[in-house]
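# Coordinates in review
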Amino acid sequence: MLEIKNLHARIAEDGTEIIRGLNLTVKAGEVAAIMGPNGSGKSTLSYILAGREDYEVTEGDILFNGESILEMDPAERAAKGIFLAFQYPMEIPGVATMEFLKVALNSQRKQRGEEPLKVADLLARVKKAAGELQMDMGMLKRPLNVGFSGGEKKRAEILQMKLLEPKLCVLDETDSGLDIDALKIVADGVNALRSPDRAMVVITHYQRLLDYIVPDSVHVLYKGQVVKSGDKTLAHTLEAEGYAGVLGEAA
Amino acid sequence: MAVNMNAAPKLTPAETALVEAFAEKVADLPGDPGMMLLRDRAVETIRAGLPTRRVESWHYTDLRRLLTDVPAAHAAVTAKATAPLVAGSTVVLATAGAAGKLPKVDGARIERLATQLLAGELTERLAPKGADDAVGAINAAFVADGVSVTIEPEVVLAAPVELQNIHVGGQVHGRLSVSVGQGAKAIFVERQTGAGAALVSSVAELEVADEAEATWIIVQEQPETTTHLAQLNATIGKNAKLTVFLMNTGGRLVRQELRIVAAGENCEFTLRGVNLLTGSTHTDVTMVLDHAAFGATSTEIIRNVVLGKAQGVFQGQIRVAREAQKTDAKMACNTLLLSDEGEFSIKPELEIFADDVACGHGATVAEIDRNHLFYLMARGIPEKEARGLLVKAFLAEVIEELGDEALVEPLEARLDAWFGANG
Ligand SMILES: Nc1ncnc2c1ncn2[C@@H]1O[C@H](COP(=O)(O)OP(=O)(O)OP(=O)(O)O)[C@@H](O)[C@H]1O
Ligand SMILES: [Mg+2]
């Protein structure tokens, strides 16, 4: 489903290379975990997948279902089914959450040639998803993410993911900022979306999340490259030995 | 050969048109000798020259240069009332400056101004407020009618009163005179619109008596062929509240002056404004707020969106008198500049003579936040719509501060209508 081939990318503004020849393949139905030290380029990779303009791809390609997405803008990628749950979801004053959900859902439907959702239908879907994530509907009347606690923001991201039903879910440290109960709720939400035709890239620092969302593969990102891949046991090794141990062995 | 050394500067075509229109109309203008003298003086100030950028209060709006032409004065033509902003409002229509049929409202008196003008009862109030008061002078010279609304004390009006000033081109001069009695409560909508090339001057006087509460909403949606020169003069009494909401979405050359006097102790003034500017238009909002009494609170937030080659101006002057201790005044002006060719000038000014006050102002000029744009697009919202959503959000924030859904919703609908036509 996702093939990243020899990807090189730099910060558009100052030309600093962050991603330096990264290769990664994630198949439909697969859950791939990405781990790596702070500053290794994990969030950058997620932004590049989503199409953020701050980064420039200088070499390599990203194929989504066999098609290069490099020329697509973020909205086109989203309509194709790529979803990024942000490490730091943004607060957008003045845009009511409910209105945003409606516009987002219907924009994607429109780009795919589907009919817009009826208000009642939309409301029912939102209610159901919010209930599963134990979110208060009152929150959705507020401006998007404004004044939400760290944990509430992360839940709101997963709420959007459930509603938009993407094909490729990229979760950037969705576990950070969540208490233990919330982690479980969010992980259940993510697991409920696991399906043979959906792939997930789960970026995390902690084994704990991977106890709930059990990955099919684990990849270690270091200085803009995937330097080591393995199955779920790799995460345990990392937890036990730290990056120094594992990377020392890789080098 | 005699050379006239004192020759006045050559009149601009606009000045000429005004002076000629006056000569043509003066015989029909209502007024006692005192009023007619005031009109003569007002015309003399026009003949002496409209204000230029050298006049401080007109620095960013050189009226003499910008007012390039004034259409011929039409006889009054009847126009139809437009649907009120808030459904169920009492609509008072003035067409081309002349009051139409006057509705009856319990607890209020609604009258036409022509009779009072004729009797000279308004002369004092019509006098221009200073040498630089070009809007007041033009209005005083020509105004022939208008509407007065008096809300009796302690009356709470159930529905807003919408004062519609609708023109069908030509020179149009209107006047509104409104008083809200002690302890009364009322919402007014000043609706400025029309069709065709026009010069509109519209001056409103508003008196909010002690303990009263008034909301004054100006919706200015003039066509791009209209020059709109307007003024709101308001006085706020003791413990009274006045909220002014201003929405400028039209006009080719617009000057909206707000002259507010916080006259009574512990009164409250709130100004919220949105200016949506596009094309080659020029829009100037100039506020002079006098804090004249102890303990009054005021907040002003103006939000601007600038597209095309539009030029915008906000001048906000707050003057705090010596006796106005414990004044709390805050002013902010935020602009979204969406085009390289557009411009917005801001001039805040605080003149404080009291020592125990909290006064502040802030201004920002920004573009659309790229991070916000990315977030919305990453959810599948195409760029154009995402931008629209963010621009609307920027404006909706101040509209929503009105708190009253009955006002917020229709105002946001006007925004949507504007974006539909200009987005
Ligand atoms: N827009 C940017 N401007 C400047 N530096 C950037 C930018 N984006 C990324 N970087 C730098 O690139 C490097 C990789 O950052 P990135 O956020 O991708 O790391 P990360 O692996 O997600 O780290 P963490 O685990 O702390 O979230 C860091 O050194 C960061 O400072
Ligand atoms: Mg990160």
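Residues numbered from 1 in each chain as written. Chains lettered and ligands numbered in written order. Predicted model: local features only at pLDDT ≥ 70, side-chain atom pairs only at ≥ 80, totals over all residues. Heavy atoms only, no water.

## As for the overall build of chain B
Helix and strand content of chain B: 9 helices and 19 strands. In terms of overall dimensions, chain B is globule-like: its C-alpha atoms have a radius of gyration of 21 Å, near the 22 Å expected for 423 residues. In terms of principal-axis extent, the alpha carbons of chain B reach across some 75 × 55 × 50 Å. When burial is assessed residue by residue, chain B has 55% of its 423 residues classed as buried. In chain B, the proportion of contacts linking residues at least 24 apart, taken out of those at least 6 apart, comes to 85%. (Helix = DSSP H or I, 4+ residues; strand = E, 2+ residues; numbered from the N terminus. Rg over C-alpha atoms; globule rule 2.2 N^0.38 Å. Buried < 20%, exposed > 50% of the residue type's maximum accessible area, 1.4 Å probe, protein only. Contact = heavy atoms within 4.5 Å.)

## Some points on the side chain of A:Lys154
Residues and elements named next belong to chain A. Assignment of secondary structure puts Lys-154 in helix 5 (residues 150–164). Although Lys-154 lies buried, it forms no salt bridge, and the closest oppositely charged side chain, Asp-175, sits 6.2 Å away as judged by the N-O distance. Those residues in contact with Lys-154, other than ones at most four positions away along the chain, are Phe-86, Gln-87, Pro-89, Glu-173, Thr-174, Ser-176 and Leu-178. (Lys, Arg positive; Asp, Glu negative; His and termini not counted. Salt bridge = Lys/Arg side-chain N within 4 Å of Asp/Glu carboxyl O.)

## As for the packing of helix 3 (residues 97–111) of chain A against helix 4 (residues 119–132) of chain A
Residue and element names in this part refer to chain A. The N-to-C vectors of helix 3 and helix 4 enclose an angle of 110°; their axes lie 11 Å apart at closest approach. In this view, helix 3 runs roughly perpendicular relative to helix 4, as classed from their interaxial angle. In this structure, helix 3 crosses over helix 4, and the sense of that crossing is right-handed. In this structure, helix 3 uses Met-98, Leu-101, Lys-102, Leu-105 and Arg-109 to contact helix 4, whose residues at the interface are Leu-122, Leu-123, Arg-125 and Val-126. Classifying every residue of the contact of helix 3 with helix 4 by side-chain character gives 6 nonpolar, no polar and 3 charged. (Axes fitted to C-alpha atoms, helices over the stretch in contact; angles between N-to-C directions. Parallel < 35°, antiparallel > 145°, perpendicular 65-115°, else oblique. Left-handed = near helix turned anticlockwise from the far one by under 90°. Nonpolar A, V, L, I, M, F, W, Y, C, P; charged D, E, K, R; others polar.)

## Quick word on the coordination of the magnesium ion (ligand 2)
Residue and element names in this part refer to chain A. Bound to the magnesium ion (ligand 2) are the protein donor atoms Ser-43 (OG) and Gln-87 (OE1), situated 2.0 to 2.2 Å from the metal. Of this pair, Ser-43 sits in helix 1 (residues 42–50) while Gln-87 sits in the loop between strand 6 (82–85) and strand 7 (92–96), placing them 44 residues apart in sequence. No difference in accessibility class separates Ser-43 from Gln-87, as the two residues are buried. (Donors = N, O, S within 2.8 Å, 3.2 Å for Na, K, Ca; no water.)

## Regarding the packing of aromatic side chains
Applying the stated criterion across every chain yields a total of 9 aromatic pairs over all chains. Between A:Phe86 and B:Tyr375, the ring centres sit 4.9 Å apart and the planes meet at 45°, which makes this aromatic pair tilted. Note that A:Phe86 is positioned in the loop between strand 6 and strand 7 and B:Tyr375 in helix 7 (residues 370–377), a pairing that runs across two chains. Taking the centre distance of 5.5 Å and the plane angle of 40° together, the rings of B:Phe188 and B:Trp216 count as tilted. With B:Phe188 in strand 7 (residues 185–194) and B:Trp216 in strand 9 (residues 213–220), the pair connects residues that are 28 residues apart, well separated along the chain. B:Trp216 sits in the buried class, given a relative accessible area of 0%. Over the face of the ring belonging to B:Trp58 we find B:Arg255, whose NZ or CZ atom lies 3.6 Å from the ring centre. Above the face of the B:Tyr375 ring, B:Arg379 is positioned so that its terminal group lies 5.0 Å from the ring centre. (Phe/Tyr/Trp six-rings, centres within 6.5 Å; stacked < 30°, edge-to-face > 60°. Lys NZ or Arg CZ within 6 Å of the ring centre and 35° of its normal.)

## Observations regarding the interface of chain B and chain A
Contact residues are listed per partner, giving 17 residues for chain B and 32 residues for chain A. Carbon and sulfur atoms supply 68% of the area buried between chain B and chain A, which totals about 2000 Å² over both sides. Looking at the side of chain B facing chain A, the largest losses of area belong to B:Phe374, B:Tyr375 and B:Arg379, adding up to 39% of the total buried there. Linking chain B to chain A there are 2 salt bridges. Note that B:Arg379 and A:Glu157 form a salt bridge whose closest N and O atoms lie 2.7 Å from each other. On inspection of chain B and its partner chain A, the count reaches 12 residue pairs in polar contact (both at pLDDT 80 or more). Of all the elements in the fold, those that place two or more residues in the side of chain B that touches chain A are helix 7 and helix 8 (383–400) of chain B. Top contributing element to the side of chain B that touches chain A by residue count: helix 7 of chain B, with 7 residues. (Buried area = accessible area lost by both parts, 1.4 Å probe. Polar contact = N/O pair within 3.5 Å; in protein donor to acceptor, adjacent residues only side chain to side chain.)

## Some remarks on the pairing of strand 13 (residues 268–277) of chain B
Consecutive residues of a regular strand have side chains that alternate between opposite faces of the sheet. All names here are of chain B. In terms of burial, strand 13 is a largely internal element, 8 of the 10 residues being buried. When strand 11 (residues 241–248) meets strand 13, the two strands line up parallel, connected through 8 bridges. Within strand 13, the residue paired with Lys-241 across the bridge is Glu-268. Taken together, the 10 bridges between strand 13 and strand 15 (residues 297–306) define a ladder with parallel strand orientation. In the sheet register, Arg-272 faces strand 15, and the bridge partner there is Ile-301. (Pairing = 2+ DSSP bridges.)

## Looking at the site of ligand 1
All names here are of chain A. Ligand 1 sits among 14 residues. The nearest are Lys-42, Ser-43, Thr-44, Tyr-55 and His-205. Interatomic distance of 2.9 Å between a backbone N/O atom of Gly-39 and an oxygen atom of ligand 1. Side-chain polar atom of His-205 to an oxygen atom of ligand 1: 2.8 Å apart, as the coordinates give it. When ligand 1 is considered free in solution it has 630 Å² of accessible area, and contact with the protein chains removes 62% of it. Top element by residues in the shell around ligand 1 is helix 1. It accounts for 3 residues. When the residues that make up the shell around ligand 1 are grouped by side-chain class, the tally is 4 nonpolar, 8 polar and 2 charged. (Near = heavy atom within 4 Å. Areas by Shrake-Rupley, 256 points an atom, 1.4 Å probe, with all protein chains shown as cover.)

## Some remarks on a negative patch on the surface
Residues B:Glu400, B:Asp404, B:Glu405 and B:Glu409 make up a contiguous surface patch of negative charge. Tracing the backbone through its elements, the reader meets B:Glu405 in helix 9 (residues 405–422). (Patch = residues over 30% accessible without salt bridge, like charges linked within 9 Å, V, L, I, M, F, W, Y side chains within 5 Å. Charge placed at Lys NZ, Arg CZ, Asp CG, Glu CD.)

## Describing helix 3 of chain A
Note that an α-helix has 3.6 residues per turn; residues three or four places apart therefore point the same way. All names here are of chain A. The terminal C-alpha atoms of helix 3 lie 21 Å apart, and with 15 residues this matches the ideal 21 Å at 1.5 Å per residue to within 8%. Most of helix 3 is tucked away: 11 of the 15 residues are buried. Within helix 3, the full set of buried residues consists of Thr-97, Met-98, Phe-100, Leu-101, Val-103, Ala-104, Leu-105, Asn-106, Ser-107, Gln-108 and Arg-109. Where helix 3 ends, the next residue or the one after it, Gly-113, has phi of about 75°, a positive value. (Expected span 1.5 Å × (residues − 1).)

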